[in-house]
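Reading the structure
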Amino acid sequence: MSKKATSIDMTAMCDVAFLLLTFFILTATAKQPEPLPVQTPASTVQTKLPETGLVTITVGNSNGEEKVFFGMKDRDIREKTLELMGNKHGVKFTKDETDKFKLIDEFGVPIGALKQVIAMSSTERNKKGVQPGVPMDSLNNELKDWIYTARQANVELGKNKELAFAIKGDAKQQYPQIHKIMDILQDQKINNFNLVTGLRAKPKVN
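What this report covers is the structure whose coordinates are included nearby. (Residues numbered from 1 in each chain as written. Predicted model: local features only at pLDDT ≥ 70, side-chain atom pairs only at ≥ 80, totals over all residues. Heavy atoms only, no water.)

What to know about the packing of aromatic side chains
We apply this condition: Only Phe, Tyr and Trp rings take part, Trp by its six-membered ring, and two of them pair if their centres are within 6.5 Å. Stacked means planes under 30 degrees apart, edge-to-face means over 60, and tilted covers everything else. Numbering goes from the N terminus for both helices and strands, where a helix is a DSSP run of H or I of at least four residues and a strand is a run of E of at least two. Only protein chains enter the accessibility calculation, which uses a 1.4 Å probe. A residue is then buried if its area is under 20% of the maximum for its type, exposed if over 50%, and partly exposed in between.
One pass over the structure, following the stated rule, counts 5 aromatic pairs. Considering the side-chain rings of Phe-101 and Phe-107, the 5.4 Å spacing of their centres and the 55° angle between planes classify their relative orientation as tilted. Judged by centre distance (6.3 Å) and plane angle (20°), the rings of Phe-101 and Trp-146 are stacked. With Phe-101 in helix H3 (residues 95–101) and Trp-146 in helix H6 (residues 142–156), this residue pair connects regions lying 45 residues apart in the sequence. Here Phe-101 and Trp-146 have matching classes, each one buried.

A word on unusual backbone geometry
The backbone of Lys-189 sits at a positive phi, close to 65°, despite the residue not being glycine. Examined against the element boundaries, Lys-189 turns out to sit in the loop between helix H7 (175–187) and strand E6 (194–195).

Description of the pairing of strand E5 (residues 164–169)
The line we're drawing: Here a strand pair is declared whenever DSSP counts at least two bridges between the two strands.
Across the 6 residues that make up E5, a large majority, 5, are buried. The pairing of strand E2 (residues 54–62) with E5 spans 6 bridges and is classified as parallel. Its bridge partner being in E5, Ile-57 is matched across the sheet by Ile-167.

Considering the nonpolar core
Put simply, the rule is: For our purposes a nonpolar core is just a set of buried Ala, Val, Leu, Ile, Met, Phe, Trp, Tyr and Cys residues, chained together by side-chain atoms within 4.5 Å. In this analysis, two residues are considered to be in contact whenever any of their non-hydrogen atoms come within 4.5 Å of each other.
Ranked by internal contacts, the top residues of the largest apolar core, which has 36 residues, are Phe-70, Leu-114, Leu-143 and Trp-146. Look past the residues within four positions of Leu-114 in its chain and what remains in contact with it is Leu-82, Phe-93, Phe-101, Phe-107, Val-109 and Trp-146.

Thoughts on the side chain of Arg-78
To keep it simple, the criterion reads: Contacts described as polar in this section are N or O atom pairs within 3.5 Å, which, within protein, must combine one atom able to donate a hydrogen with one able to accept it, while residues neighboring in sequence count only if both atoms come from side chains.
Along the chain, the position of Arg-78 falls in helix H2 (residues 75–89). Engagement of the side chain of Arg-78 in a polar contact is seen with the backbone oxygen of Lys-102, the distance being 2.4 Å. Those residues within four positions of Arg-78 in sequence are excluded, and the remaining contacts are Met-72, Lys-73, Phe-101, Lys-102, Leu-103, Ile-104 and Asp-105.

What to know about the sheet that holds E5
Which entries qualify depends on this criterion: Axes, fitted as lines to C-alpha atoms, cover a helix only where it is in contact. Angles between the N-to-C directions of the axes lie from 0 to 180 degrees.
Ordered in space as E4-E3-E2-E5-E6, the 5 strands form an open sheet in which the pairing is mixed. At either margin of the open sheet sits one strand with a lone partner, and together these are strand E4 (106–107) and E6. In the packing of H6 onto the sheet, contacts are made with E2, strand E3 (65–72), E4 and E5, and the angle to E3 comes to roughly 10°. Along the sheet, H7 contacts E2, E3, E5 and E6; its crossing angle with E5, the most-contacted strand, is approximately 170°.

Okay, structure coming up:
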């Protein structure tokens, strides 16, 4: 029998491939740069942080100064917390400012300067030195207020689970600053919290 050459039309396959590629590009969310990048200490612990109901307190050093940033995973909690903090400190936020704040994963400014940061683009906001950090000294402890109002917002929104808290500190960060944040959490009866670390390989056993 004579053999005939066969060919496969790949047009349909290419169409499907480009459709899938277009779908993933349009639906993907770009990772925002961290306003306070830190190098977490290494650990072999593989416990994952929750995807929702999480508050992250980041401690790091920028331009030679220790700074603290505050972040909330859930956008509805961000919105309610901003409202409660505004009422507490006498700062009125517009609907547009609230909507923009809901998109900010993490921030580090006093409540009085938050309006200026909200008005910035993400690129401007994440530049080094723009955000001085959330105040947490004895005279003006706004970090304590953010923690309290975030928990209050969680309750008022009818969430079934309590907020989880995580401290993300730089590996070179001095312990007293981390300990100070732990004291603020424990003063509000928050005794269970996570310390964010980077994964490292377990040592081999001969």
